[in-house]
Amino acid sequence: MILIPVFIIYLMEKRLLRENWHKVFAVILPAILAFFAIRIIISPVGGFNLIEAFLHYAKKLQYPMVWYGLLINPFIPLTFLPVIYWEETVIFFSKRLYALTYLLLVFLSTLFGSNNERLMAPTFVIYFLIVGKIYKARIDFRRVR
């Protein structure tokens, strides 16, 4: 479900949504229907439904160690590279709003569970792309040839 808004924003950025909206709808509709069908057919046994999970786990953001587990620990040893080279990070996201949307939605999804590092794992795709861009722009050129 996270990828649906990311997909739409990607197509909007590439100016492909207007001419392909019917194809986008045909791709997205089965996923949405399957999501709701599964949620209706299979009731959570011994666990929370989505609203209960959010209300239970969202409280964790008040603790500093949770923020550490969400934003620092999953990316060690390269955690602060995008912060140190913040200019490249800003440029990266200014050209890729869909990537920022993906990161924010994955972060939001962590509010439905307890294992913070595991829940942030899908962000590695965007995170290491940023690290690669930083390496190429700032570090790679310094290598002696």
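Within each chain, residues carry numbers counting from 1 in the order of the written sequence. Local features in this predicted model are restricted to residues of pLDDT 70 or higher, and side-chain atom pairs are both shown and tallied only at a pLDDT of 80 or more, whereas totals for entire chains, interfaces and linings draw on every residue. Hydrogens and waters are ignored; side-chain quantities use all the structure's heavy atoms.

Quick notes on the overall build of the protein
- A run of H or I in DSSP counts as a helix once it spans at least four residues, and a run of E counts as a strand once it spans at least two, with each numbered from the N terminus. Within the protein, the regular secondary structure consists of nine helices and zero strands.
- Secondary structure elements of the protein, listed N to C terminal, follow the sequence α-α-α-α-α-α-α-α-α.
- As a reference, a globule follows 2.2 Å times the number of residues to the power 0.38, and the radius of gyration itself is taken over C-alpha atoms. The C-alpha atoms of the protein give 19 Å as radius of gyration, which overshoots the globular expectation for 145 residues (15 Å, by more than 25%).
- Its C-alpha atoms give the protein principal-axis dimensions of about 60 × 45 × 25 Å.
- Within the protein, the fraction of its 145 residues that count as buried is 29%.
- Any two residues whose heavy atoms approach within 4.5 Å at even a single point are treated as in contact. A sequence separation of at least 24 residues applies to 69% of the contacts in the protein between residues at least 6 apart.
- In these tables, accessible area is a Shrake-Rupley quantity obtained with a 1.4 Å probe, and a residue counts as shielded only by the protein chains included in the view. Put simply, the protein shows about 10,300 Å² of open surface, and 71% of that area lies on carbon and sulfur atoms.
- Positive: Lys, Arg. Negative: Asp, Glu. His and the chain ends are not part of the count. Working definition for charges: the position is that of NZ of Lys, CZ of Arg, CG of Asp or CD of Glu. Here the protein carries 16 positive and 7 negative side-chain charges, and the mean point of each set is 4 Å from the other. Summary of the burial criterion: residues with accessible area below 20% of their type's maximum are buried, those above 50% are exposed, and those between are partly exposed, where the area comes from a 1.4 Å probe applied to protein chains only.

Structural notes on the packing of helix H1 (residues 3–13) against helix H7 (residues 97–109)
- At a minimum axis separation of 8 Å, H1 and H7 run at an interaxial angle of 165 degrees. Between H1 and H7, the angle falls in the class roughly antiparallel. The element H1 and its partner H7 pack so that their crossing is right-handed. Each of Leu3, Pro5, Val6, Ile9, Tyr10 and Glu13 in H1 lies in contact with H7, whose residues at this interface are Leu97, Tyr98, Thr101, Tyr102 and Leu105. Each axis is a line fitted through C-alpha atoms, and for a helix only the stretch in contact is used; angles between axes span 0 to 180 degrees, taken between their N-to-C directions. We call two directions roughly parallel when the angle between them is under 35 degrees, roughly antiparallel when it is over 145, roughly perpendicular when it lies between 65 and 115, and oblique otherwise. Handedness of a crossing follows from how the near helix is turned relative to the far one, being left-handed for an anticlockwise turn of less than a right angle and right-handed for a clockwise one.

Focus on the confidence of the model for the protein
- Chain-level statistics for the protein give a pLDDT mean of 89 and a share of 96% at 70 or above.
- Mean pLDDT in the protein bottoms out at helix H3 (residues 50–57), which sits at 87, and peaks at H7, which reaches 95. A residue's pLDDT is the confidence the predictor assigns to it, expressed on a 0 to 100 scale.

Description of the environment of Ile9
- Looking at the secondary structure, you find Ile9 in helix H1.
- Considered as a pair, Ile9 and Leu97 are 88 residues apart in the sequence and their alpha carbons are 7.2 Å apart.
- With residues near it in sequence (within four places) discarded, Ile9 still touches Leu97, Tyr98 and Thr101.

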